[in-house]
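The lines below spell out each chain.
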Amino acid sequence: MSEPIAVEESNLPDLHVDWYEATWMRLSVIMMVIFLLAVIAASTAFGIQVPGAFRRIKPDEVMAKGSPFADPGLRELAPGKYEAYIRAATWSFTPNEIHVPVGSTVTFYVTSLDVQHGFKIMDTNINMMILPGQISTLTAHFDKPGTYNLICHEYCGAASPTYGHQTMYGQIFVEEKPKASS
Amino acid sequence: MKDPETPKGTLALLFFFALLTIVLWGTTYLTMLSRGANQ
């Protein structure tokens, strides 16, 4: 038969946690759990994703024959479904104007010819970093007609006070008429 | 010896901070959801 285990008295001080302090700690943990669950719900149930690298492309092959970025623009895959290949370079997007009918789903493929750029379409969840050597992609659905401004939001230099990162922008026109062109 | 009283002002600030965090976070979250899926 084994010996009974001797319980030694702890030398640790008696840590009294005030009721208010304990409540505050519990509330903080509960908030973090709720926020985490909400983020998981957004990414799974509501389909909101962070941008992913579609694939890699060597910057010196972006303009090569056969590259979709050598002739960038909008392509119709099916009625109401498009893909847009956009080239970013100091200090412009090519193309910088896209016209799609309302209700369209557009998948953007964007790469950079030179330095790091940003690609943010205002009033949508499209927000990507554009790196040379990488094709970034996200898909947006345009339900409301109007003009959506598209900006570079990663500082990429400037040639002068009137030409540079601050003038690197484009526009997406979501039109009522079922007509698409770039 | 008398225990110090719980600082009511600090508690009020903490709960205001928690409320502000919840409101700002929730507003941003709902705005993001209203813009729809982007996968």
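Here the structure is a predicted model, which is why all the values come from computation and not from measurement. (Residues numbered from 1 in each chain as written. Chains lettered and ligands numbered in written order. Predicted model: local features only at pLDDT ≥ 70, side-chain atom pairs only at ≥ 80, totals over all residues.)

1. A closer look at the overall build of chain B
Looking only at helices and strands, one finds 1 helix and 0 strands in chain B. Principal axes of the C-alpha set define a box for chain B whose edges measure 65 × 15 × 5 Å. Looking at chain B as a whole, 3% of its 39 residues qualify as buried. (Helix = DSSP H or I, 4+ residues; strand = E, 2+ residues; numbered from the N terminus. Buried ≥ 20, exposed ≤ 12 C-beta atoms within 10 Å, placed from the backbone.)

2. What about the interface of chain B and chain A?
Chain B puts 14 residues into the contact, and the matching count from chain A is 19 residues. Across the side of chain B that touches chain A, the residue classes tally to 9 nonpolar, 4 polar and 1 charged. (Contact = placed C-beta atoms within 7 Å. Nonpolar A, V, L, I, M, F, W, Y, C, P; charged D, E, K, R; others polar.)

3. Structural notes on the confidence of the model for chain A
Here chain A shows a mean pLDDT of 88. Residues at 70 or above account for 92%. No element of chain A has a lower mean pLDDT than strand 1 (residues 52-56) of chain A, which averages 78, and none a higher one than strand 7 (residues 117-121) of chain A, which averages 95. (pLDDT = per-residue confidence, 0-100.)

4. Remarks on helix 1 (residues 19-44) of chain A
Here helix 1 of chain A is 26 residues long and its end C-alpha atoms lie 37 Å apart, about the 38 Å a rise of 1.5 Å per residue gives. Of all the 26 residues making up helix 1 of chain A, 0 are buried; the element is thus mostly uncovered. (Expected span 1.5 Å × (residues − 1).)

5. Some points on the nonpolar core
Looking at soluble globular proteins, one finds that nonpolar side chains tend to be buried together. Residue and element names in this part refer to chain A. Formed by 26 residues in total, the largest nonpolar core has its most connected members in A88 and V110. Elements with a contribution of two residues or more to this core: strand 3 (81-89), strand 5 (97-101), strand 6 (104-112), strand 7, strand 8 (127-130) and strand 9 (134-142). The element that contributes the greatest number of residues to this core is strand 3, accounting for 4 residues. If we skip the residues at most four places from it in the chain, A88 touches F93, V110, S112, H117, F119, I130 and C152. (Core = buried A, V, L, I, M, F, W, Y, C linked by C-beta atoms within 7 Å.)

6. Examining the environment of M128 of chain A
All names here are of chain A. Among the secondary structure elements, M128 is positioned in strand 8. Sequence separation between M128 and V110 is 18 residues, and the spatial gap between their C-alpha atoms is 8.9 Å. Excluding anything up to four places from it in sequence, M128 contacts P51, V110, F119, S136 and L138.

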